[in-house]
Amino acid sequence: MLDIYHFSYGWITPVLAFFMSFVGCLLGLQCAARGRNAEQGRTGWLVSSAIAIGGTGIWVMHFIAMLGFTIEGSEIRYDIPLTLFSAVTAMVVVGIGLFMVNKPQPTLAALVGGGTIAGLGVGSMHYTGMYAMKSTAAVGYNMWVVAVSMVIAVVASIVALWFTLRVKGLPATIVAAAIMGVAVCGMHYTGMAAMHAHAGHQNAPPPSGAQAMQLLGPLIGVICVVTMFVLIIVSLSEVENKESLPKMRLNATVRPHAHGSWPVASAEERDSAPTYPAFSLAASSAASSVGKANGKSLTWPRNTPNGPADISDMVS
């Protein structure tokens, strides 16, 4: 069995990989917050969030860490189409998860489903990127460790999507991005720990493909430029931190109880409910039969967040 080195350049590559994952996740959370509160341009913000988290936070982190990966006595090359495919995969699956959960009434089922899809996609991105790595050594994997890495990816994705719904304010966003960065790095190095290598055929031809810096250098540079562009857009926009966060429900439909009454709102829901000015329906004699009951005017109640008000509340 050949020796595998994950830190050929010392702590430079893992620290830089975590930093890029942190920056990508931080930017993605900022974009998701703007998409969550936006009346217009929601799709653009969520796409930008997917690019930031999937492209910079996950894919760039993965391949920066791979710059420090070597196998004893073996040459490593990268298949260009597969490497590009892995980058697209990371952004697409994160985007699917974001669009599934970022709704006016997010549901627990959508969160778990979106996180599962995103997590399995991120794991697929990781192992697609590893398959894109060509070497003169014969590479294999411990399937139990692979399974653990996939579980980490799914759990981390569910938590990350939950952050896009619940995190508000810069300090909380920074902490959430750091947690996401640790989770992404943990998934990567767990997956790398599953690998083992043996000597290949002595007369095997050198692997085809591009060297690490020939391919990864320009790709990482392009994605970093796109990330900076999105960062500039985010810095020039504003997000209203006073917007109420969406309530997580088991399903998206609010229905009355079996005995006919509507669910009772919490104090927070009542305080955040919009207030509408009362208006009289008895403005003319033609509407007097509708607008009056026993000589009393009917007015619309101000705060009714729980559905239709009782008719007794409308009599003033």
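Residues numbered from 1 in each chain as written. Predicted model: local features only at pLDDT ≥ 70, side-chain atom pairs only at ≥ 80, totals over all residues. Heavy atoms only, no water.

Asks: Got a minute to help me understand the overall build of the protein chain in this structure?
Replies: Each helix and strand counted, the protein chain has 9 helices and 8 strands in total. A buried classification covers 41% of the 316 residues belonging to the protein chain. Put simply, 82% of the contacts in the protein chain that link residues at least 6 apart link residues at least 24 apart. Accessible area of the protein chain: about 16800 Å², with a carbon and sulfur share of 66%. (Helix = DSSP H or I, 4+ residues; strand = E, 2+ residues; numbered from the N terminus. Buried < 20%, exposed > 50% of the residue type's maximum accessible area, 1.4 Å probe, protein only. Contact = heavy atoms within 4.5 Å. Areas by Shrake-Rupley, 256 points an atom, 1.4 Å probe, with all protein chains shown as cover.)

Asks: Help me out: how do you make sense of the confidence of the model for the protein chain in this one?
Replies: Detailed reading of the predicted coordinates is not advisable wherever pLDDT is low. Averaged over all residues, the pLDDT of the protein chain is 77; the fraction at 70 or higher stands at 73%. This stretch, residues 311-316, has a pLDDT under 50; its non-local contacts, to residues over four places away or in other chains, come to 11 contacts. (pLDDT = per-residue confidence, 0-100.)

Asks: Can you walk me through the state of the cysteines in this structure?
Replies: Between two cysteines, a covalent bond joining their sulfur atoms is known as a disulfide. The final tally for this structure, using the stated rule, is 0 disulfides. Free cysteine: Cys185, not disulfide-bonded; nearest cysteine sulfur from Cys25 at 8.9 Å. For Cys185, a relative accessible area of 10% gives the class buried. (Disulfide = S-S within 2.5 Å.)

Asks: What is the right way to read the pairing of strand S6 (residues 195-198) from this model?
Replies: Here is the key point about a regular strand: its side chains alternate between the two faces of the sheet. Because side chains alternate across S6, one face comprises the buried residues Met195 and Ala197, and the other comprises His196 and His198, none of which is buried. As paired strands, strand S5 (residues 138-141) and S6 are joined by 4 bridges and run antiparallel to one another. Paired with Ala138 across the bridge in S6 is His198. (Pairing = 2+ DSSP bridges.)

Asks: I'm lost on the environment of Ala153 in this one. Help?
Replies: Take Ala153: it is sitting in helix H5 (residues 143-166). For Ala153, a relative accessible area of 4% puts it in the buried group. Not counting residues up to four positions away in its chain, the partners in contact with Ala153 are Gly119, Gly123 and Met187.

Asks: I keep staring at the packing of aromatic side chains and nothing clicks. Help me out?
Replies: Centre-to-centre distance and the angle between the planes together describe a pair of aromatic rings. By the definition in use, this model includes 7 aromatic pairs. Seen in terms of ring centroids, Phe18 and Phe22 are 6.5 Å apart; in terms of plane orientation they differ by 25 degrees. Their pairing is stacked. On the criterion of helical spacing, the pair formed by Phe18 and Phe22 is a turn pair, its members being 4 residues apart in helix H1 (residues 12-37). By relative accessible area, which is 30% here, Phe18 ends up partly exposed. (Phe/Tyr/Trp six-rings, centres within 6.5 Å; stacked < 30°, edge-to-face > 60°.)

Asks: What's the story with the nonpolar core in this structure? I'm lost.
Replies: Nonpolar side chains in soluble globular proteins tend to end up buried together. Counting residues in hydrophobic clusters, the biggest one holds 51 residues, and the most contacted among them are Trp59, Met66, Phe69 and Met133. Take this core: its biggest share by element is 10 residues, from helix H2 (residues 42-67). For Trp59, the residues in contact, after removing those within four places along its chain, are Gly54, Thr83, Ser86, Ala87, Ala90, Met125, Leu219, Ile220 and Ile223. Of all hydrophobic cores here, the second largest spans 6 residues; its members include Leu27, Cys31, Trp45 and Val234. (Core = buried A, V, L, I, M, F, W, Y, C linked by side-chain atoms within 4.5 Å.)

Asks: Can you help me understand the pattern of salt bridges in this one?
Replies: One side chain can pair with another of opposite charge once the charged atoms of both are near each other. This structure, assessed with the given rule, holds 1 salt bridge. With a closest N to O distance of 2.9 Å, Arg77 and Glu75 form a salt bridge. Residue class for Arg77 comes out buried when judged on its relative accessible area of 18%. (Salt bridge = Lys/Arg side-chain N within 4 Å of Asp/Glu carboxyl O.)

Asks: Could you clarify how one ought to interpret the packing of helix H4 (residues 108-131) against H5 in this entry?
Replies: With their axes 7 Å apart at the nearest point, H4 and H5 run at an angle of 135 degrees to one another. Regarding the angle of H4 to H5, the classification is oblique. Both H4 and H5 take part in a crossing whose hand is right-handed. Two secondary-structure elements touch here, H4 through Leu111, Val112, Gly114, Gly115, Thr116, Ala118, Gly119, Leu120, Gly123, Ser124 and Tyr127 and H5 through Val146, Ser149, Met150, Ala153, Val154, Ser157, Ile158, Leu161 and Trp162. (Axes fitted to C-alpha atoms, helices over the stretch in contact; angles between N-to-C directions. Parallel < 35°, antiparallel > 145°, perpendicular 65-115°, else oblique. Left-handed = near helix turned anticlockwise from the far one by under 90°.)

Asks: Sorry if this is basic, but what is going on with H5 here?
Replies: Under the 1.5 Å per step criterion, the end-to-end length of H5 is 35 Å for 24 residues, consistent within 8% with the ideal 34 Å. All buried positions along H5 are accounted for by Val146, Ser149, Met150, Ala153, Val154, Ala156, Ser157, Ala160, Leu161, Phe163, Thr164 and Leu165. Near the N-terminus of H5, the side chain that reaches the backbone nitrogen of Trp144, with its oxygen 3.0 Å away, is that of Asn142. (Expected span 1.5 Å × (residues − 1). Polar contact = N/O pair within 3.5 Å; in protein donor to acceptor, adjacent residues only side chain to side chain.)

Asks: Where do I start with a nonpolar patch on the surface in this structure?
Replies: A cluster of nonpolar side chains, contributed by Val88, Val92, Ile96 and Ile117, occupies part of the molecular surface with about 300 Å² of accessible area. Looking at the nonpolar patch element by element, the count peaks at 3 residues for helix H3 (residues 80-101). Structurally, the position occupied by Ile96 is in helix H3. (Patch = residues over 30% accessible without salt bridge, like charges linked within 9 Å, V, L, I, M, F, W, Y side chains within 5 Å.)

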